[in-house]
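Next come the chains, spelled out residue by residue.
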Amino acid sequence: MTHLRDRVRASVDALEHLVGGLGTALLALAALLWAVFVAAACLVWVGLPAAPGALRAVRAVADRERARLSRWGASIPAPGPVPAELRVAVRDPFVRRELGWVALHAVTGLIGGLLGLALPLYAVQDLTFPLWYRLLPPGAGAPGIVWWRVDGLTEALLVGLLGLGWLAATVAFGPALARLQARPGRWLLPPPPGFDLSLRVAELTATRAAALDAHAVELRRIERSLHDGTQNRLVAVSVLLGAARRAVRRDPARADEILGQAQDAAEQALGELRTVVRGILPPVLDDRGLTGALAGLAGGCAVPCQLTVDVPVRCAVSVEATAYFVVAEALTNVVRHSGAVRVDVTVRREQDRLLVTVTDDGHGDADEGGGSGLTGIRRRVGAYDGRMTLTSPPGGPTRLEVELPCGS
């Protein structure tokens with residue numbers, strides 16, 4: 001009895017994995033068709049701009065399969081983002097293995113999933129046939145066996161016995177089908193044999209160094225803001241209060257004027273201090289969420305800004321803060337350097353990635369080394385293992401794309 005219970009439990013688990021594998025197989029089929037279409041278009045140079053996107057789509061499907069297989073056995077590490085440059089990407093061993101997997105899983109995974117799903121459906125259909133066979137027209141055949149004419153309860157019970165056979169096949173072959181469906185992923189999606197993980201370690205080390213550098217730059221910015229702005233204002237307030245105290249008996253009118261200047265200086269210091277605090281972590285993110293915070297940035301932008309936000313579930317606070325700072329810095333660049341008359345900001349969540357896109361119709365030719373803050377954006381994004389892509393040909397438009405991991 002215990003053995004039978006274990007077999008039934010294994011069959012139920014296998015059915016769950018087969019249905020999940022069927023889902024990734026459908027995604028793999030879609031990614032495969034898109035990759036084939038883009039590859040064909042690349043033969044006439046038309047599909048080259050879409051090639052990186054096709055490879056990222058394959059990587060996204062492969063990562064879903066890695067996560068699925070990791071929940072059902074040994075963990076399969078994800079390789080990270082696809083290299084931005086197409087030549088580097090096509091030489092990446094992970095990309096090549098994923099292309100082979102997507103072609104194999106689109107066929108074997110689809111067949112295995114459909115077969116694994118059909119067995120229990122046939123079992124349920126035939127086992128329950130004696131309960132509903134009277135609903136069929138007279139002389140109709142058994143389900144799936146049109147030549148087997150069912151004239152009464154005896155034939156219907158025989159079909160029910162056939163359902164027991166389907167049920168036995170589900171218990172016997174379901175786990176094997178699930179293992180067969182998972183085999184291409186277990187074979188092709190782990191790191192290639194002999195792959196040197198030191199490259200990934202070096203990448204993570206560089207990312208951590210970038211995070212520390214970004215943190216140090218942020219501390220220096222806060223220190224300069226406090227030293228050059230707020231501190232000077234407070235010194236001025238102290239001097240004015242001292243002058244007012246000396247003048248209060250000799251010239252009350254003059255003392256009142258000095259106190260007014262001190263009050264103005266204190267209000268300016270308070271405003272600068274609030275600006276510094278908002279630069280550390282904008283309180284508006286807690287009060288209004290990412291959508292409200294970005295709406296405030298768009299409404300205060302000197303260039304007309306069209307904002308589109310599709311983030312149904314809130315991300316981690318650090319991710320939202322990074323997205324906020326990316327948009328804030330990008331809008332500042334648009335106002336100061338681009339000469340644009342319109343800017344579009346799109347923020348959306350796709351699976352476990354937060355995608356931020358800022359596009360303006362300015363003169364383009366943006367340079368990361370020109371002091372525009374783009375280097376700071378790249379470092380901040382890299383600190384979260386994200387990816388930043390800048391497209392800014394001379395004459396425009398300029399398009400900034402940022403991907404941030406935000407969990408599942």
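Just so it is clear, the structure is predicted and the values come from calculations on it, not from any experiment.

**Examining the packing of helix H2 (residues 51–70) against helix H4 (residues 93–127)**
Helix-helix packing is characterised by the crossing angle of the two axes and by the distance between the axes. As a packed pair, H2 and H4 sit with axes 10 Å apart at the nearest point and diverge in direction by 70°. For the element pair H2 / H4, the angle class is roughly perpendicular. Residues Leu55, Val58, Arg59, Val61, Ala62, Glu65 and Arg66 of H2 form the contact with H4, whose participating residues are Phe94, Val95, Glu98, Leu99, Trp101, Val102 and His105. When grouped by side-chain class, the residues that make up the contact of H2 with H4 number nine nonpolar, one polar and four charged.

**Some remarks on H4**
In this model, H4 (35 residues) spans 49 Å end to end at C-alpha, consistent with the 51 Å of a helix rising 1.5 Å per residue. The opening residue of H4, the one whose side-chain oxygen lies 2.8 Å from the backbone nitrogen of Phe94, is Asp92.

**Here's the deal with the nonpolar core**
Counting 34 residues, the largest nonpolar core has Val347, Leu354, Val356, Leu400 and Val402 as the members making the most contacts within it. Among the elements of the structure, helix H9 (283–299), helix H10 (317–338), strand S4 (343–350), strand S5 (353–360), helix H11 (374–382) and strand S7 (398–405) are those that each provide at least two residues to this core. Among the elements that make up this core, the one with the highest residue count is H10 (eleven residues). If we skip the residues at most four places from it in the chain, Val402 touches Val326, Leu354, Leu355, Val356, Val381, Arg387 and Met388. Ala31, Ala62, Leu69 and Ala106 belong to the second-largest nonpolar core, a separate cluster that totals 13 residues.

**Here's the deal with the sheet that holds S7**
Ordered by their spatial adjacency, five strands build an open sheet running S3-S4-S5-S7-S6, and the pairing between neighbours is mixed. Edge positions in the sheet fall to strand S3 (305–310) and strand S6 (387–391), since each of these pairs with one other strand and no more. Strand after strand, the sheet turns through a mean of 10° between neighbouring axes, direction not considered.

**Some remarks on the pattern of salt bridges**
Scanning all chains against the criterion turns up ten salt bridges. Between Arg348 and Glu350 there is a salt bridge, with its nearest N and O atoms 2.8 Å apart. Exposure remark for Arg348: the relative accessible area of 30% places this residue in the partly exposed category. Taking the relative accessible area as the measure of exposure, Glu350 reaches 40% and is therefore partly exposed. Note that Glu401 and Arg399 form a salt bridge whose closest N and O atoms lie 2.6 Å from each other. Arg399 sits in the partly exposed class, given a relative accessible area of 35%. What you see here is one network of salt bridges that share partners, running through Arg59, Asp63, Arg66 and Glu98.

What counts and what doesn't
- Residues numbered from 1 in each chain as written.
- Predicted model: local features only at pLDDT ≥ 70, side-chain atom pairs only at ≥ 80, totals over all residues.
- Heavy atoms only, no water.
- Axes fitted to C-alpha atoms, helices over the stretch in contact; angles between N-to-C directions.
- Helix = DSSP H or I, 4+ residues; strand = E, 2+ residues; numbered from the N terminus.
- Parallel < 35°, antiparallel > 145°, perpendicular 65-115°, else oblique.
- Contact = heavy atoms within 4.5 Å.
- Nonpolar A, V, L, I, M, F, W, Y, C, P; charged D, E, K, R; others polar.
- Expected span 1.5 Å × (residues − 1).
- Polar contact = N/O pair within 3.5 Å; in protein donor to acceptor, adjacent residues only side chain to side chain.
- Core = buried A, V, L, I, M, F, W, Y, C linked by side-chain atoms within 4.5 Å.
- Buried < 20%, exposed > 50% of the residue type's maximum accessible area, 1.4 Å probe, protein only.
- Pairing = 2+ DSSP bridges.
- Salt bridge = Lys/Arg side-chain N within 4 Å of Asp/Glu carboxyl O.

Spatial relationships are all this shows, so hold off on functional conclusions.
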